[in-house]
Amino acid sequence: MRNPYKVDKAKIIKKEKQNDITYLFRLKLSSVLQKNFEFLPGQFMQVGLMGFREAPISISSDPKDSKKYIELTIRGVGRITNKLISLKTGDEMLIRGPFGNGFPEVKDKNLILIGGGCGFVPLRSVIEAYGNDKKIKMQILIGCKDKNTLFFKKSFNQWKKKHDFNLILEKGKLPGFAKKSGFVTDLLDQPLLENSLIFIVGPPVMYKHVVQILLQKKIKPEDIYLSLEKRMYCGQGVCQHCAIGTKYICKDGPVFSYRELNNMLYSL
Amino acid sequence: MNKQKLMKLLGKLMEENVLFGPTKEEEIVIRQIRDLKQIDWSFQIPKQSFKHLLLPARERLLEQKGAQLKEVFDIKSQVIFGVNILDLQALTYLETIFSEDPYFQKRKAKTIVIGYSSGIPEDYRKYKIFHEKYREDKLEHMMFDIFIEEQKNKNLKVFSGSEKGQKVLDKNGIKDYVNIEYAGPIREEGPDPDFVLKNKQAIEKVTAKSKVFKDIGNICIACGKCSLACPLCFCFEHEDVKDGDKITRERRWSTCFFPEFTKITGGENDMKDAAQKLYYWYYHKFVRMTDEYKFPGCVSCMRCYKVCPAGINIAKNLKNLKT
């Protein structure tokens, strides 16, 4: 019987600072594990160290690179994540996963990605996965506090060239990208790509407002997908910490369509 | 079989295994039995359930010493004697919930479960409205190795419920037993409509803001005793423990009444008051579990009521929700 609590060592082969508290880590798994590793954008890993427990971290790399490495964006906001961001290239993290369902596969549809703050982490994986697919048009809408809390800045130029890329900051501007200040909801004033699936990742307070606007724009609840977050331990749908309604974020989520959430009477 | 033969069997099993059973202290509790005279033969529902013997309150999962990291299984051969029908039902459900958990399953493989019935438990009669119907085919849906039924003439009728149980009986020269084939935790006809489905519907149609939950929320102190005493509360968390150069990852019982149960970094917490916690607890037991496993997270043992400092009575609350 497989032991779901067994952890594997993953070596940090690259560490890239994103902002004061956020780092992008490229991890190399053990050769057997890496060779067979597969994931879908939106899935997450349980990442930890002995003595510090684990934290769920979304994968932010291209699934096509999964046989070579995975990338995790970690923001130091608690005991475990602060310890993880202090690690250096060559150090090891302990990982389990991937967990969860991930975002639905995109076929014959366009994509609108809406991210708030650190919520953008799993959406990077979506952009990388579909970025070169000529049949899929992508509209990217990111809202962030200020220019000091942004991440993936290096990719902005490329994303702007390839996609309809929009950034807004609560405070200040970013020349070439964020022309005005405001919230991510302000970016929804513009015409949205038609025939699209909409993937939203951000803090719960953002979901409520964004979904409300999307519904007003007559977007169908089944085309809106949100990634949820809750405390979790097992990743197997047993420990009960991440339950919502009759489902588990770790196993049935973290991605749910707004239709599903509505059926579960889950209020945003 | 008679009691003398049963004592002889237990004595034999004690030689090679740790034996646990009901014993009377101030109340009836489950303890390691070192002398068969310790066993309480009233078979009333003990204060604790038997869950800690298959799902310990703390257990080691992983251990790191220097560069070496390994899985740890602290498992000893054990015999659990005197499990009443309600607790047997609860162990059966737990076994299904933890069917893919190697720690639980390895422990269960090393455990001989001996159920005992001296008739329907006293409490079971008392809370008649609340419990699931007692059916003749009940044993087919119970996970046990040996089951002993005390008959009116004090003779003991013996059943075996597994290959392991048969082996033990055969090895000890007990020939007069009936084999029961385990047919899964629920009957073919599906869950008990009165107990399982009606309670599910009753909870689904209300929220934490309803009168029943508001009222009990006002008196609940969120101490979590109910969930610790419950034979079917199994939620847990992980904790890393440092001891010199050794670090151990442990799995520990948790309870949804604790303040940090659903809290995430950054402070989001969607269970803010006792009414919400109670609703979450009832919802898990009667809606989510029924949805997931087709059985509820309650065997109507009433331990939650007996330990509750605020006197919150689950049977009464479910009745109120249904009227």
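The rules behind these values
- Residues numbered from 1 in each chain as written.
- Chains lettered and ligands numbered in written order.
- Predicted model: local features only at pLDDT ≥ 70, side-chain atom pairs only at ≥ 80, totals over all residues.
- Contact = placed C-beta atoms within 7 Å.
- Helix = DSSP H or I, 4+ residues; strand = E, 2+ residues; numbered from the N terminus.
- Nonpolar A, V, L, I, M, F, W, Y, C, P; charged D, E, K, R; others polar.
- Pairing = 2+ DSSP bridges.
- Right-handed = clockwise from strand over helix to strand, strands pointing away.
- Core = buried A, V, L, I, M, F, W, Y, C linked by C-beta atoms within 7 Å.
- Buried ≥ 20, exposed ≤ 12 C-beta atoms within 10 Å, placed from the backbone.
- Axes fitted to C-alpha atoms, helices over the stretch in contact; angles between N-to-C directions.
- Expected span 1.5 Å × (residues − 1).
- Domains from an automatic or database assignment.
- Arc of directions from axis to C-beta.
- Left-handed = near helix turned anticlockwise from the far one by under 90°.

1. A few points about the interface of chain B and chain A
- Contact with chain B, which involves 29 residues of that partner, is made by 23 residues of chain A.
- Breaking the side of chain B that touches chain A down by element, the ones donating at least two residues are strand S3 (58-65), strand S4 (68-71), helix H3 (102-109), strand S10 (236-243), strand S11 (246-253) and helix H9 (274-293) of chain B.
- Among the elements that make up the side of chain B that touches chain A, the one with the highest residue count is S10(B) (5 residues).
- When the residues that make up the side of chain B that touches chain A are grouped by side-chain class, the tally is 12 nonpolar, 7 polar and 10 charged.

2. Quick word on the pairing of strand S8 (residues 156-160) of chain B
Residue and element names in this part refer to chain B.
- Two elements, strand S7 (residues 146-150) and S8, share 5 bridges in a ladder whose sense is antiparallel. Its bridge partner being in S8, glutamate 149 is matched across the sheet by lysine 157.
- Bridge count for S8 against strand S9 (residues 177-179) is 3 bridges, and the pairing is parallel. What sits directly across from valine 158, in S9, is tyrosine 177.
- With helix H5 (residues 163-171) bridging S8 and the parallel S9, this β-α-β connection has right-handed handedness.

3. A word on the nonpolar core
- Within the largest apolar cluster, 120 residues are counted, with the highest numbers of intra-cluster contacts made by Leu72(A), Ile80(B), Leu91(B), Leu94(B), Ile114(B), Leu232(B) and Leu278(B).
- A per-element tally of this core places H9(B) first, with 11 residues.
- Once you skip the residues sitting within four places of it in the chain, Leu72(A) turns out to touch Phe25(A), Leu27(A), Met45(A), Val47(A), Ile57(A), Ile59(A) and Ser60(A).
- Core analysis: the second largest hydrophobic core is formed by 46 residues, Leu113(A), Ala178(A), Leu188(A) and Leu197(A) among them.

4. Quick notes on the pairing of strand S11 (residues 224-227) of chain A
Residues and elements named next belong to chain A.
- Taking every second residue as pointing to the same face, both faces of S11 are buried, with Ile224 and Leu226 on one and Tyr225 and Ser227 on the other.
- Summarising the sheet, strand S10 (residues 196-201) and S11 pair through 3 bridges and their orientation is parallel. For isoleucine 200, the partnering residue across the bridge sits in S11 and is leucine 226.
- Taken together, S10, helix H5 (residues 204-216) and S11 constitute a β-α-β crossover, and its handedness is right-handed.
- Across 3 bridges, the pairing between S11 and strand S14 (residues 255-257) is antiparallel. Pairing of serine 227 across the sheet is with valine 255, part of S14.

5. Description of the sheet that holds strand S7 (residues 110-116) of chain A
Residues and elements named next belong to chain A.
- Taken in spatial order, the 6 strands make up an open sheet running S9-S8-S7-S10-S11-S14, and their pairing is mixed. Edge positions in the sheet fall to strand S9 (164-169) and S14, since each has one partner strand and no second. For this sheet the average axis-to-axis angle between neighbouring strands, irrespective of direction, equals 15°.

6. Considerations on the environment of Glu229(A)
- Inspection of the secondary structure assignment puts Glu229(A) in the loop between S11 and strand S12 (243-244).
- Looking at Glu229(A), the number of C-beta atoms within 10 Å reads 21, which means it is buried.
- Remark: the alpha-carbon pair of Glu229(A) and Ile168(A), spanning 61 residues in sequence, is separated by 23 Å.
- Aside from chain neighbours lying at most four places away, what touches Glu229(A) is Pro254(A) and Ile264(B).

7. Thoughts on the sheet that holds strand S5 (residues 70-75) of chain A
Residue and element names in this part refer to chain A.
- The strand order across the open sheet formed by 6 strands is S4-S3-S6-S1-S2-S5, and the pairing between neighbours is antiparallel. Of all strands in the sheet, those bounded by a partner on one side alone are strand S4 (53-58) and S5. For this sheet, the mean inter-axis angle between neighbouring strands, taken without regard to orientation, is 40°.
- Note that strand S1 (residues 8-19) and strand S2 (residues 22-29) share 8 bridges and pair antiparallel. In the strand pairing of S2, asparagine 19 is matched with threonine 22.

8. Quick look at helix H2 (residues 85-97) of chain B
- Its 13 residues place the ends of H2(B) 19 Å apart at the C-alpha level, agreeing with the 18 Å of an ideal helix rising 1.5 Å per residue.
- When H2(B) is considered as a whole, its buried residues turn out to be Ile85(B), Leu86(B), Asp87(B), Leu88(B), Gln89(B), Ala90(B), Leu91(B), Thr92(B), Tyr93(B), Leu94(B) and Ile97(B).

9. Points about the domain arrangement of chain B
All names here are of chain B.
- Each assigned domain of chain B is listed here: domain 1 (3-179) and domain 2 (193-322).
- Using C-alpha coordinates to define each centre, domain 1 is positioned 25 Å away from domain 2.
- Mapped onto the side of domain 1 that touches domain 2, the elements with two or more residues apiece are S3 and H2.
- By residue class, the composition of the side of domain 1 that touches domain 2 is 14 nonpolar, 6 polar and 10 charged.

10. Quick word on H5(B)
Residues and elements named next belong to chain B.
- Those residues of H5 not exposed but buried are Gly165, Val168 and Leu169. Summarising the axial view, the buried residues of H5 lie within an arc of 95°, below the 170-degree limit, and thus occupy one face. Every exposed residue of H5 that faces more than 90 degrees away from the buried side is listed here: Glu163, Asp170 and Lys171.
- Against strand S6 (111-117), S7, S8 and S9 lie the buried residues of H5.
- Glycine 173, located one to two residues past H5, shows a positive phi value of around 70°.

11. Notes on the domain arrangement of chain A
Residues and elements named next belong to chain A.
- Under the domain assignment used here, chain A contains domain 1 (8-98) and domain 2 (110-227).
- Put simply, the parts of the chain that give the side of domain 1 that touches domain 2 at least two residues each are S1 and S5.
- When its residues are assigned to classes, the side of domain 1 that touches domain 2 shows 3 nonpolar, 8 polar and 3 charged.

12. Quick notes on the packing of helix H6 (residues 193-204) of chain B against H9(B)
All names here are of chain B.
- Closest axis-to-axis distance for the H6/H9 pair is 9 Å, and the angle between their directions is 120°. Here H6 runs over H9; the crossing is left-handed. Counted together, Val196, Asn199, Lys200, Ile203 and Glu204 of H6 and Tyr282, Tyr283, Phe286, Val287 and Thr290 of H9 form the full contact between these two elements.
- Looking at the contact of H6 with H9 residue by residue, the class counts come to 6 nonpolar, 2 polar and 2 charged.

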